[in-house]
Amino acid sequence: GTLELGSLSINAYTQNDLENVQIYCGPAAIALNNALLYTQEQQRGKELAGLAQLAQVVGTAGEPSNLFTHLIESIAPLLEVEFLGFLIYDDNRRAIQGQLPFLGLHPDVIEWTSAVFPVDSPAEKIWLSQEPIIAPDATSDPKMQAFGFDNLAQAAGIHQAVLMPLTSAGRMLGYLMAGDKLDRSPFNQDDL
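Residues numbered from 1 in each chain as written. Predicted model: local features only at pLDDT ≥ 70, side-chain atom pairs only at ≥ 80, totals over all residues. Heavy atoms only, no water.

Caption draft 1: View of the overall build of the chain. Each helix and strand in the chain was counted, giving 6 helices and 6 strands. Going from N to C terminus, the chain has its helices and strands arranged as α-α-β-β-α-β-α-β-α-α-β-β. Computed over its C-alpha atoms, the radius of gyration of the chain comes to 24 Å, more than 25% above the 16 Å expected for a compact globule of 192 residues. With the C-alpha coordinates aligned to their principal axes, the bounding extent of the chain is approximately 80 × 40 × 30 Å. Here the chain, with 192 residues, has 30% of them falling under the buried criterion. Of the roughly 12000 Å² of accessible surface on the chain, 56% is carried by carbon and sulfur atoms. Computing the positive centroid from 9 side-chain charges and the negative centroid from 23, the chain places the two 9 Å apart. (Helix = DSSP H or I, 4+ residues; strand = E, 2+ residues; numbered from the N terminus. Rg over C-alpha atoms; globule rule 2.2 N^0.38 Å. Buried < 20%, exposed > 50% of the residue type's maximum accessible area, 1.4 Å probe, protein only. Areas by Shrake-Rupley, 256 points an atom, 1.4 Å probe, with all protein chains shown as cover. Lys, Arg positive; Asp, Glu negative; His and termini not counted. Charge placed at Lys NZ, Arg CZ, Asp CG, Glu CD.)

Shown next, in the form of structure tokens:
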């Protein structure tokens, strides 16, 4: 950073003043650096605590509805988003279905949060790619439209969305959906 001094008078600073400023800059820079490192470590500690809690939840899973509740409770503080939930694949219906609880969405909305995708459809191609869906404009994103989630985004007021694939042994299980960061900034690589 830079330390800036100003004076309303011309030639107000002497050589002694400049030497004093140089002396103070070193400790100020160290203090500032320590404050920045502290902030980073606080964030890292928060992330690690969340991951530890997440690992504990998975280890004591039990009933699927309890698992989703505990996972959402563990993940929400890490992401700080308005919308967060799971979209899980149902082999029998060839569809992904929203699961309760879904942070930011009313339970009635989750009942119709579903996407059926026929063979060789654009949605199936997206599904088989196992790639994240990053939609800076969720209502007009082609991938969100392929699943029909653009309607959900519009109805719920979701502006930005990320759907991260949930895979196990190379098999897609569904997506973790996050929408609209609380600070309204776009999703960045750290968020992903």
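Anyway, onward from the coordinates.
Caption draft 2: Layout of the nonpolar core. Counting residues in hydrophobic clusters, the biggest one holds 26 residues, and the most contacted among them are Ile96, Met144, Phe147, Phe149, Leu163, Tyr175 and Met177. Elements with a minimum of two residues in this core: β1 (81–90), α4 (122–129), β4 (133–135), α5 (142–147), α6 (149–156), β5 (161–168) and β6 (171–181). Once residues lying within four places of it in the same chain are set aside, the contact partners of leucine 163 are Leu87, Pro132, Ile133, Met144, Phe149, Tyr175, Leu176 and Met177. (Core = buried A, V, L, I, M, F, W, Y, C linked by side-chain atoms within 4.5 Å. Contact = heavy atoms within 4.5 Å.)

Caption draft 3: Spatial organisation of the pairing of β5. Two strands pair when backbone bridges link them, and β4 and β5 are joined in this way by 3 bridges, in the antiparallel orientation. By the bridge assignment for β5, isoleucine 133 is matched with leucine 163. Linkage of β5 to β6, two consecutive antiparallel strands, is achieved through a turn of 2 residues, within which alanine 169 is found at a positive phi near 50°. (Pairing = 2+ DSSP bridges.)

Caption draft 4: Expanded view of the environment of serine 9. Counting through the fold element by element, serine 9 comes out in the segment before α1 (15–59). The partly exposed category is assigned to serine 9, whose relative accessible area is 49%. A C-alpha to C-alpha distance of 44 Å links serine 9 and glutamine 43, two positions 34 residues apart in sequence.

Caption draft 5: The arrangement of unusual backbone geometry in detail. Leucine 100 connects to proline 101 through a cis peptide bond whose omega is -5°. Topologically, proline 101 is positioned in the loop between β2 (95–98) and α3 (107–111). The phi angle at aspartate 180 is positive, at roughly 55°, despite the residue not being glycine. Locating aspartate 180 in the fold gives a position in strand β6. Of the residues examined, aspartate 180 reaches a relative accessible area of 2% and is grouped as buried.

Caption draft 6: Local environment of the sheet that holds β5. Taken in spatial order, the 6 strands line up as β3-β2-β1-β6-β5-β4 in an open sheet, and their pairing is antiparallel. With one partner strand each, in any of the chains shown, β3 (114–116) and β4 form the two edges of the open sheet. In this sheet, adjacent strand axes meet at a mean angle of 15° when their direction is disregarded. Strand direction decides the pairing type here: β1 and β6, joined by 7 bridges, are antiparallel. Bridge pairing links phenylalanine 83 to glycine 179 in β6. Packed onto the sheet, α4 meets β1, β2, β4 and β6 and runs at close to 100° relative to β6. (Axes fitted to C-alpha atoms, helices over the stretch in contact; angles between N-to-C directions.)

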